[in-house]
Amino acid sequence: MAEWSLTETFETSAGEVAAGRAGKGPDLVLAHGWPWSSFSWHRVIPELARQFRVHWYDMPGYGQSEMNASQRSSLDVQGGVFVEMLDNWGLKTPRVIAHDFGGATTLRAHLLHHRDFERFVLMNVVAMRPWGSAFFDHVGKHVEVFQELPPNIHRAIVEAYIKGAFAREIDSSDLEKLIAPWLSTGGWQSFYRQFAQADEKYTAQIEPFFDQLRCPTKIIWGEDDPWIPLERGKALNDAVKNATFTTLPGVGHMPQLENPAAALRELVEFLKDNTS
């Protein structure tokens, strides 16, 4: 059975990127968000790889991809890197599943960089203003202070922040692997840089074009998302116009980890249409 792993590296304009692929069939690309990595897809990859050639990667500044002090990894950069990764893999019109910041990343690739998708899933995505929180704003203004915190305090912050995304408990080993990339020296610094580089202008640039998506689109939302409320998903659905909208009861911000079976039912049903 196909499993998540990072066996490839690619050079991009934002640094070296770690990536993986598995399965056979139509091409499908997974785009993670903040503060996650491609590991966040590991529970759905085996089933998806039964029907699709699945591609995933850690965004620059995340997971096992390059992290450095001078690195820009904001949403405008990530949109460009997503396009570069499609080119690295030789993909012209893949199916795409995006989560969290992966939503804005892939929407920028589609709407601003004019890359076509066969089918498009937006799951609990960052796509519309306002986003962030008072804590998000506070860290962004005091990055240097947070980068000097003792290791135990830093870990406590990362763990509490990540746990705040869930409406139900996830496997403890999954939690540890979500936290781990941010505990290295590079990850420690990169974690707080992401707060500083977050800017709503990167979603403001694409919001006027949401009714111009050029492919069948499905929006999936965990109904109990503590970070991005269900109302935001409904507003996105209204803006996109002809999307299919589905909610997952009892699920928070991370359907692919909180209830992978439910997420897979919705994903496969939508993505398999018109496949050979």
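Residues numbered from 1 in each chain as written. Predicted model: local features only at pLDDT ≥ 70, side-chain atom pairs only at ≥ 80, totals over all residues. Heavy atoms only, no water.

A word on the packing of helix 6 (residues 151-163) against helix 7 (residues 172-179). One way to put it is that helix 6 packs onto helix 7 with a least axis distance of 10 Å and a crossing angle of 120°. Our classification of the angle between helix 6 and helix 7 gives oblique. Crossing hand, helix 6 versus helix 7: right-handed. Together, Arg155, Val158, Glu159, Ile162 and Lys163 of helix 6 and Leu175, Glu176, Leu178 and Ile179 of helix 7 make up the contact between the two elements. Within the contact of helix 6 with helix 7, the residues separate by chemical class into 5 nonpolar, no polar and 4 charged. (Axes fitted to C-alpha atoms, helices over the stretch in contact; angles between N-to-C directions. Helix = DSSP H or I, 4+ residues; strand = E, 2+ residues; numbered from the N terminus. Parallel < 35°, antiparallel > 145°, perpendicular 65-115°, else oblique. Left-handed = near helix turned anticlockwise from the far one by under 90°. Contact = heavy atoms within 4.5 Å. Nonpolar A, V, L, I, M, F, W, Y, C, P; charged D, E, K, R; others polar.)

For glutamate 8, the location among the structural elements is in strand 1 (residues 8-12). Overall, glutamate 8 belongs to the buried group, its relative accessible area being 17%. At 2.4 Å, the side chain of glutamate 8 forms a polar contact with the side chain of arginine 21. Beyond its immediate chain neighbours, meaning those up to four positions away, glutamate 8 contacts Val17, Ala18, Ala19, Gly20, Arg21 and Trp89. (Buried < 20%, exposed > 50% of the residue type's maximum accessible area, 1.4 Å probe, protein only. Polar contact = N/O pair within 3.5 Å; in protein donor to acceptor, adjacent residues only side chain to side chain.)

It is worth spelling out the sheet that holds strand 6 (residues 120-125) at this point. Across the sheet, 8 strands lie side by side as 1-2-4-3-5-6-7-8; this open sheet has mixed pairing. For this open sheet the edge positions go to strand 1 and strand 8 (244-248), each flanked by a neighbour on one side alone. Neighbour-to-neighbour, the strand axes of this sheet turn through a mean angle of 20°, independent of strand direction. Across 5 bridges, the pairing between strand 1 and strand 2 (residues 15-22) is antiparallel. Within the sheet, the bridge partner assigned to phenylalanine 10 lies in strand 2 and is valine 17. Packing against the sheet, helix 3 (residues 101-111) makes contact with strand 3 (27-31), strand 5 (95-100) and strand 6, and its axis sits at approximately 135° to strand 5. Sitting on the sheet, helix 12 (residues 260-271) is in contact with strand 3, strand 5, strand 6, strand 7 (217-222) and strand 8, with an inclination near 175° to strand 7. (Pairing = 2+ DSSP bridges.)

In terms of residue burial, strand 5 counts as a mostly covered element, since 6 of its 6 residues are buried. In terms of handedness, the path from strand 5 via helix 3 over to strand 6 forms a crossover that is right-handed. (Right-handed = clockwise from strand over helix to strand, strands pointing away.)

So, about the pattern of salt bridges. Enumeration over the complete set of coordinates arrives at 11 salt bridges. Here glutamate 159 makes a salt bridge to arginine 155, at a shortest N to O gap of 3.5 Å. With glutamate 159 and arginine 155 both in helix 6 and 4 residues apart, the pair spans about one turn of that helix. Classification of arginine 155 as partly exposed rests on a relative accessible area of 26%. (Salt bridge = Lys/Arg side-chain N within 4 Å of Asp/Glu carboxyl O.)

A rise of 1.5 Å per residue sets the reference length of helix 8 (residues 185-197), with its 13 residues, at 18 Å; its end C-alpha atoms lie 19 Å apart and thus fit the reference within 8%. Within the sequence span of helix 8, burial applies to Gly187, Trp188, Ser190, Phe191, Tyr192, Arg193, Gln194, Phe195 and Gln197. (Expected span 1.5 Å × (residues − 1).)

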